[in-house]
Each structure stands twice: as structure tokens, then as C-alpha cells.
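# Survey of secondary and tertiary structure
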Amino acid sequence: MSNTIVVGAQWGDEGKGKIVDYLTEKTDVVVRAAGGNNAGHTVISGGQKYVLHLIPSGILWKDKMCVIGNGVVMDPLGLLEEIAKLRGQGVSITPENLLISETAHLVMPYHKGLDKAREAKRGDKKIGTTGRGIGPAYADKVERDGLRTILMTQPEVLEEELRDRLARHNATFAELGVDLVPVEETVKTVLEAAKALAPHITNTTVYLHEAIKAGKNLLFEGAQGTYLDIDHGTYPFVTSSNTTAGGACTGSGVPPRMIDKVVAVGKAYTTRVGSGPFVTENEEIGDMLHNMGREFGATTGRARRCGWLDAVLVRYAVMLNGADELAITNLDGLDGLETIQICTAYKLRGKTIHYPPSTAADLAACEPVYETHQGWKQDLSGITNFADLPDLAKAYLKRLEELVGAKVGLLGVGPAREQTLVA
Ligand code: IMP
């Protein structure tokens with residue numbers, strides 16, 4: 001038995017989907033424990049591109065169980081759309097390979113309306129949310145006003161609760177001057193979705209503990225990244241869940257002592273979508289990557305902000321998550337560069353610091369301290385053995401390991417499953 005958590009070491013989009021897909025071969029159960037369909041995991045398998053939002057990427061494998069845990073906020077309409085798309089690509093999805101926790105919270109159409117209305121109200125202090133209703137759904141959960149998926153197995157109760165929420169939220173929308181959510185249409189579509197999804201809904205905590213007892217291997221697929229964590233990220237420019245390793249336990253009911261390994265995934269450079277401080281942001285790298293057709297969001301299609309590798313952030317992420325190992329993705333994105341920079345520390349008001357400060361304002365005031373590395377100027381995408389990497393690429397990774405205090409175990413040199421090298 002070996003249970004592994006995969007987390008993002010940056011601001012999400014680190015390529016976790018691909019790493020999880022790779023690790024799934026030796027796994028029996030893949031679990032999502034936080035976030036919702038704000039996530040977008042792109043996996044390229046057998047020449048086909050799959051984009052997953054709520055469903056763990058284990059779904060692309062035969063005979064693997066996928067679990068949407070209690071810590072997730074689940075949009076039933078979004079989930080059904082995702083299921084339909086995947087089925088259209090030939091993926092089989094049944095209660096035999098997809099279970100949904102009965103205590104996960106529902107994202108309802110009014111949450112999306114609230115998300116958009118709140119963003120509009122923030123003016124130039126926008127968070128840049130994905131507009132998927134994630135924040136308002138978690139807010140309702142914490143406020144103890146949320147609807148849980150178990151209601152999808154009790155249609156009469158669901159209808160009553162839903163009508164109550166629609167009435168209250170529509171009153172707020174009327175005050176804000178925002179479009180109301182159509183009541184009858186929403187009740188009808190949600191009840192239809194409930195019927196379709198009910199066979200998947202169960203007590204997944206019991207399922208996971210039984211799987212562990214039966215000697216099965218679990219893989220926790222992190223969503224978003226360390227710096228989008230509601231507690232440890234660059235608040236308030238964060239998502240509304242715990243995206244760090246601890247979230248995998250609270251979001252699934254699997255206790256910390258049953259976790260054997262944590263893998264932190266990071267890009268060989270840094271990206272972020274949405275607003276907020278980004279110390280190593282660099283427009284030239286952004287232009288280069290975008291011109292290569294890379295770094296556009298899987299969920300929103302937005303061009304991601306790009307910059308140099310920030311070892312200060314990755315080091316702190318390794319510490320926070322207790323990462324045993326690093327998976328570095330997109331190394332091939334740096335192939336064309338003459339020189340490559342790594343940020344090793346920050347200067348804040350004349351002082352050198354080695355950890356990110358706790359406020360977004362202070363982080364925004366930090367200046368990067370860089371060291372410069374010579375680029376390898378070679379196409380890495382065809383390399384299939386770690387040993388065959390050019391020496392300069394190996395030196396870049398070695399230096400990264402020294403700076404962050406964890407070894408590179410896996411390396412991505414392209415989007416396909418076969419372009420994952422074992423160090
Ligand atoms: P929300 O999760 O939609 O509320 O968005 C909050 C912040 O998290 C925004 O900056 C989003 O761009 C960011 N975010 C949410 N999900 C992801 C993701 O999967 N990858 C990268 N950024 C994300």
C-alpha cells in the first residue's frame with residue numbers, strides 16, 4: 001500500500017494532470033479532494049487531448065476508480081457536460097469508475113451569478129476568478145447554508161431547499177441589479193442532473209478506508225497550487241479551498257498518518273492566471289511562450305502571465321507540503337533561451353529574504369534576486385531518458401534541487417505521457 005498526494009508548488013497549471021496521469025499506472029484509486037471545475041487538467045494520451053475539470057484524470061485508464069471527495073465543490077451541470085464530452089471521446093464513465101462524496105457541496109447557478117457580481121463590484125481589486133461560482137459555494141458551506149450532494153438522492157428535499165435558496169439569492173440579485181436566476185428552469189435542470197448523478201453518490205470516506213484496508217494504492221490529485229491556497233496562498237488573490245497537502249486529508253477523510261508520500265509539481269518557469277503579485281513576472285518570456293502556442297488556460301482560455309522560476313516560492317511550497325519529491329514540467333519551454341534566470345531570494349525594503357512575505361502588498365514590493373544560467377539551446381521534446389539530457393539542463397535542475405531542498409523525481413519535456421522522464 002502506498003498513498004501519494006500530488007500538489008502544485010506554484011499558482012496552479014503546473015502540469016499536475018499529466019503527472020497524475022503518469023503516476024496512475026501504479027495506482028488503484030485517484031481522488032480529488034478540493035476545488036471544483038475551476039481546475040483544468042489537460043492530459044494528452046494516445047494522441048488525443050482530454051481536458052478534465054472535476055473528474056480525476058484516472059478516468060482515462062481502465063480499471064481505476066475515481067473519487068470526487070467531500071472537500072470538492074461540485075457543479076452538477078458542469079460535471080454532466082464534462083461527462084458527455086469525455087464519453088464523446090470514447091471514455092467510459094459509470095458508477096464503477098466514478099464515485100462522488102455525498103458530503104461534497106453543490107455549486108448552483110446562483111453561485112456563478114454571485115461570483116460574477118462580486119468580481120464586478122471589486123473594480124480594480126478583482127481577483128480574476130474563473131467565474132465558476134467556487135468562492136460563493138465555499139462561502140455557503142462555511143456559512144452552513146450550503147447544499148450537499150446527498151440531496152441529489154432525495155429529490156423532494158433538494159427541490160424544497162433549492163427553491164428556498166433561489167428565492168433568497170434572487171432577492172440579493174434584485175438589490176444588486178443583476179439578472180435573476182430563472183427558478184422553474186433551474187429547478188428542472190438541477191433535478192434532472194440529480195437523477196443522472198445519483199448512482200455515483202456514496203460515502204466515499206468509507207469507500208477509501210475499505211480500499212486502503214484491501215491494500216489498494218491511492219493517489220490524491222491536487223487542484224490549483226500552493227499559492228492559491230486559502231490559508232497559505234497570496235491572499236486575497238487565491239481560491240477558496242486548501243490546495244496544499246493537508247487539504248487532501250480533510251477533503252477526503254483519509255487521515256494524515258495514512259499518507260506515504262507527497263510529490264510537488266512545478267513548472268521549470270512560473271505562470272499565474274488572474275490577479276495578484278508575481279515577483280518574477282517577465283513579459284518577454286510570456287511573449288515567447290505564447291508565440292509557441294503555450295500557456296493558455298484550460299478552463300478559461302486566458303493567456304497566462306509568465307515569468308522566471310521562483311525558487312523562493314518552490315522552496316516554501318516544499319516545506320509547507322512536506323514534499324518528498326519534485327516533478328518538474330515544461331522544461332522544454334526553455335529550450336530556445338540563450339540564458340535562463342532563477343530567482344534565489346527577494347529584496348524587500350533593502351533586506352534579503354528567503355521566504356515569501358505574508359501579505360500580497362509586501363510580496364508585490366519584493367524585488368527578485370536572480371542568478372543566471374546558460375541555456376541548453378536544444379530541443380528536449382524527443383528525449384526519453386533522463387541521462388540523455390544536455391549537461392546544461394541537468395545543471396539547471398541540480399541547482400533547483402539545491403535551492404528548494406527536494407530531489408527531482410519526474411521531469412516533463414512535452415505534453416504527452418511518453419514525454420515524462422524518471423530522474
Ligand atoms: P476561483 O477559484 O475561480 O475563485 O479563482 C480564484 C483565483 O484562483 C483566480 O486567480 C483564478 O485564476 C485562480 N485559479 C482557480 N483555479 C485555477 C486553476 O486550476 N489554475 C490556475 N489558477 C486557478
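Further up the page is the structure itself.
First, a word on what this report is: a plain description of the structure on this page. Keep in mind the model is a prediction, meaning the values are calculated, not measured. (Residues numbered from 1 in each chain as written. Predicted model: local features only at pLDDT ≥ 70, side-chain atom pairs only at ≥ 80, totals over all residues. Heavy atoms only, no water.)

This part is about the side chain of Arg 315. Considering the arrangement of structural elements, one finds Arg 315 in helix α10 (residues 311–321). As a buried residue without a salt bridge, Arg 315 has its nearest oppositely charged side chain in Asp 310, at a separation of 7.0 Å. Polar contacts involving the side chain of Arg 315 include one to the main-chain carbonyl oxygen of Leu 403, which spans 2.8 Å. Residues contacting Arg 315, with those up to four places away along its chain left out, are Thr 344, His 354, Leu 403 and Val 404. (Helix = DSSP H or I, 4+ residues; strand = E, 2+ residues; numbered from the N terminus. Buried < 20%, exposed > 50% of the residue type's maximum accessible area, 1.4 Å probe, protein only. Lys, Arg positive; Asp, Glu negative; His and termini not counted. Salt bridge = Lys/Arg side-chain N within 4 Å of Asp/Glu carboxyl O. Polar contact = N/O pair within 3.5 Å; in protein donor to acceptor, adjacent residues only side chain to side chain. Contact = heavy atoms within 4.5 Å.)

This part is about the packing of helix α3 (residues 109–122) against helix α4 (residues 134–142). The interhelical angle for the contact between α3 and α4, taken along N-to-C directions, is 115 degrees, at an axis separation of 7 Å. What the angle tells us is that α3 and α4 run roughly perpendicular. Here the hand of the crossing between α3 and α4 comes out right-handed. Listed contacts from α4 to Tyr 110, His 111, Leu 114, Asp 115 and Arg 118 of α3 are Ile 134, Pro 136, Ala 137 and Asp 140. (Axes fitted to C-alpha atoms, helices over the stretch in contact; angles between N-to-C directions. Parallel < 35°, antiparallel > 145°, perpendicular 65-115°, else oblique. Left-handed = near helix turned anticlockwise from the far one by under 90°.)

Neighbouring the ligand are 16 residues; Asp 13, Asn 38, Thr 130, Thr 239 and Arg 302 lie closest to it. Take Asp 13: an N or O atom from its side chain is 3.0 Å from a nitrogen atom of the ligand. Side-chain polar atom of Arg 302 to an oxygen atom of the ligand: 3.1 Å apart, as the coordinates give it. Against a free-state accessible area of 470 Å², the protein chains account for coverage of 97% of the ligand. Among the residues forming the shell around the ligand, the class breakdown is 6 nonpolar, 8 polar and 2 charged. (Near = heavy atom within 4 Å. Areas by Shrake-Rupley, 256 points an atom, 1.4 Å probe, with all protein chains shown as cover. Nonpolar A, V, L, I, M, F, W, Y, C, P; charged D, E, K, R; others polar.)

Now for helix α5 (residues 155–176). Here α5 is 22 residues long and its end C-alpha atoms lie 30 Å apart, about the 32 Å a rise of 1.5 Å per residue gives. Inspection of α5 places Leu 158, Leu 162, Arg 165, Leu 166, His 169, Asn 170 and Phe 173 among the buried residues, and these make up the whole buried set. Down the axis of α5, the buried set is contained in an arc of 140 degrees. They therefore lie on one face. Away from its buried face by more than 90 degrees, α5 exposes Glu 156, Glu 160, Ala 167, Ala 174 and Glu 175. After α5 finishes, the residue Gly 177 shows a positive phi value of roughly 75 degrees. (Expected span 1.5 Å × (residues − 1). Arc of directions from axis to C-beta.)

What follows concerns the sheet that holds strand β7 (residues 98–101). An order of β9-β7-β5-β2-β10-β1-β11-β15-β19-β20 is seen for the 10 strands of this open sheet, with the pairing classed as mixed. Looking at which strands have only one partner, the edges of the open sheet turn out to be β9 (201–202) and β20 (420–422). Of the pairings in the sheet, the one linking strand β1 (residues 3–8) to strand β11 (residues 261–267) comprises 5 bridges and is parallel in character. Paired with Gly 8 across the strands is Val 265, a residue of β11. (Pairing = 2+ DSSP bridges.)

Below, the discussion takes up the state of the cysteines. Going through the model one piece at a time under the given rule, you end up with 0 disulfides. Among the cysteines around Cys 249, which has no disulfide bond, Cys 66 carries the closest sulfur, lying 19 Å off. There is no disulfide at Cys 343, and the cysteine sulfur nearest it, in Cys 366, is 8.8 Å away. Note on Cys 343: relative accessible area 0%, which makes it buried. (Disulfide = S-S within 2.5 Å.)

Here we take up the packing of aromatic side chains. Taken as a whole and judged by the stated rule, the model has 4 aromatic pairs. On the basis of an interplanar angle of 55 degrees and a centroid distance of 5.2 Å, the ring pair of Trp 11 and Phe 278 is categorised as tilted. Taken together, the residues span a long stretch of sequence, with Trp 11 in the loop between β1 and α1 (16–23) and Phe 278 in the loop between β12 (270–272) and α9 (283–291) at a distance of 267 residues. The burial state of Trp 11 is the same as that of Phe 278; both residues are buried. Through a chain of ring-to-ring contacts, three or more aromatic side chains come together here, namely Trp 11, Tyr 227 and Phe 278. (Phe/Tyr/Trp six-rings, centres within 6.5 Å; stacked < 30°, edge-to-face > 60°.)

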